[in-house]
Amino acid sequence: MTSHAHAHAAHAHDHTHTHTHTHAHQESVGSTPGADPDDGPAEILDLDAELFAAHLTSVTDRIADLATGAVTHVVDLGAGTGTGTFALLARFPAARVTAVDSSAAMLARLAGAARAKGLGDRVRTLEADAGAGLPGIEDADLVWASASLHHLDDPARALAGIRDALRPGGLLAVAELDGMPRFLPDDAVTDGPGLEARCREALSALHAERLPHMGADWGVLLAAAGLTVEQERTDRFELRAPLPAGTGRYAHLVLDRVRGAVDGLVSAADLTALDTLLDGGAQDVRHRDDLVVRSVRQTWLARRPEVRP
Ligand SMILES: C[S@@+](CC[C@H](N)C(=O)[O-])C[C@H]1O[C@@H](n2cnc3c(N)ncnc32)[C@H](O)[C@@H]1O
């Protein structure tokens, strides 16, 4: 993977929790799909942020509880559209964020959103391979890596770079999810029992090949990198109606990508069942009012020791 860095001024402990949440009706996040090839994934990230906003707040609250000293420099590693960047700017009013991503399109979108929110002067974007270290950064109070570490070629090398970017006593927050969320209620008839489970199984095989670090035990890897794991937590979500207005769109975007990925890996009957969830008809996920969003999200909060062990 290339190691390039372009800066752009952009104006534990083991706990398992189960949540059954409901959401007040909200407008979907405004986005402009279609203008850029990265818009599909970007819109998925924005809709995910909307659906799991309460979870994000709970994680940033836990970070604030653990933080020692002021949080003035945050690094958002694999920042995407800025879900973590904006949540952390809100949670830590004295902070500025360096948003790192290997995708120029994601960073351009993030920088635009920062300007639109009047936060441009608190966000710097850095186009770089997060796996290749964070040269020039050694004062971070907090590094946030959400759904990004599993993309990196060599997690041990990446974590060494993150450790060196943190000030002594600084925190690393890692968030990962168990693959694609599920959307269908248990008694959904059109999909045939177990459709989503079979798709997830097929995707797991693909991920094992293409994203071998997905599902890694990050607690072990963090400790091996010389970080002290202070919290490790698993949250199991089952979000039911009323759900935010963008939920159907989110399910459609995700299942459409799944449909593309599992073509040839699941049976023709399963592909047909997936099509009925996407084709604009009565069973389409954008029209159903019975979606149940299931997702398992893990977080690890670790600290760079004051004195290296
Ligand atoms: C699943 S998205 C997560 C985005 C965001 N952290 C969130 O939670 O919404 C993964 C992000 O990591 C970025 N990424 C993938 N490989 C990377 C690498 N080697 N260096 C930096 N960013 C990378 C992708 O471009 C994408 O924006």
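What this report covers is the structure whose coordinates are included nearby. These numbers were taken from a predicted model, which means no experiment stands behind them.

Re the overall build of the protein chain
The secondary structure content of the protein chain amounts to nine helices and nine strands. Taking all 309 residues of the protein chain together, 51% fall into the buried category. In the structure as shown, the protein chain presents an accessible area of about 13,700 Å², 53% of it carried by carbon and sulfur atoms.

Details of the side chain of Glu 196
Relative to the assigned elements, Glu 196 resides in helix 6 (residues 195-210). The side chain of Glu 196 is buried and forms no salt bridge, while Arg 294, the nearest opposite charge, is found at 5.6 Å. Apart from residues no more than four positions distant in its own chain, Glu 196 is found in contact with Met 180, Pro 181, Arg 182, Phe 183, Leu 184 and Leu 255.

Re the packing of aromatic side chains
As enumerated under the stated definition, the model contains two aromatic pairs in all. Seen from their ring centres, Phe 52 and Phe 237 are 5.4 Å apart, and the 75 degrees between their planes marks the pair as edge-to-face. Residue Phe 52 is found in the loop between helix 1 (39-51) and helix 2 (53-66), and its partner Phe 237 is found in strand 8 (residues 228-240); the two are separated by 185 residues along the sequence. Exposure class is identical for Phe 52 and Phe 237. Each is buried. Centroid distance Phe 183 to Tyr 250: 5.6 Å. Interplanar angle 80 degrees. Geometry classified as edge-to-face. Separated by 67 residues along the polypeptide, Phe 183 in the loop between strand 7 (166-177) and helix 6 and Tyr 250 in helix 8 (residues 247-262) bring together distant segments of the chain. In this structure, Phe 183 and Tyr 250 share a single accessibility class: buried. Lying across the ring of Phe 92, Arg 91 places its NZ or CZ 5.9 Å from the centre. Note that Lys 117 overlies the ring of Phe 86, its terminal NZ or CZ placed 4.8 Å from the centroid.

Rules of the game
- Residues numbered from 1 in each chain as written.
- Predicted model: local features only at pLDDT ≥ 70, side-chain atom pairs only at ≥ 80, totals over all residues.
- Heavy atoms only, no water.
- Helix = DSSP H or I, 4+ residues; strand = E, 2+ residues; numbered from the N terminus.
- Buried < 20%, exposed > 50% of the residue type's maximum accessible area, 1.4 Å probe, protein only.
- Areas by Shrake-Rupley, 256 points an atom, 1.4 Å probe, with all protein chains shown as cover.
- Lys, Arg positive; Asp, Glu negative; His and termini not counted.
- Salt bridge = Lys/Arg side-chain N within 4 Å of Asp/Glu carboxyl O.
- Contact = heavy atoms within 4.5 Å.
- Phe/Tyr/Trp six-rings, centres within 6.5 Å; stacked < 30°, edge-to-face > 60°.
- Lys NZ or Arg CZ within 6 Å of the ring centre and 35° of its normal.

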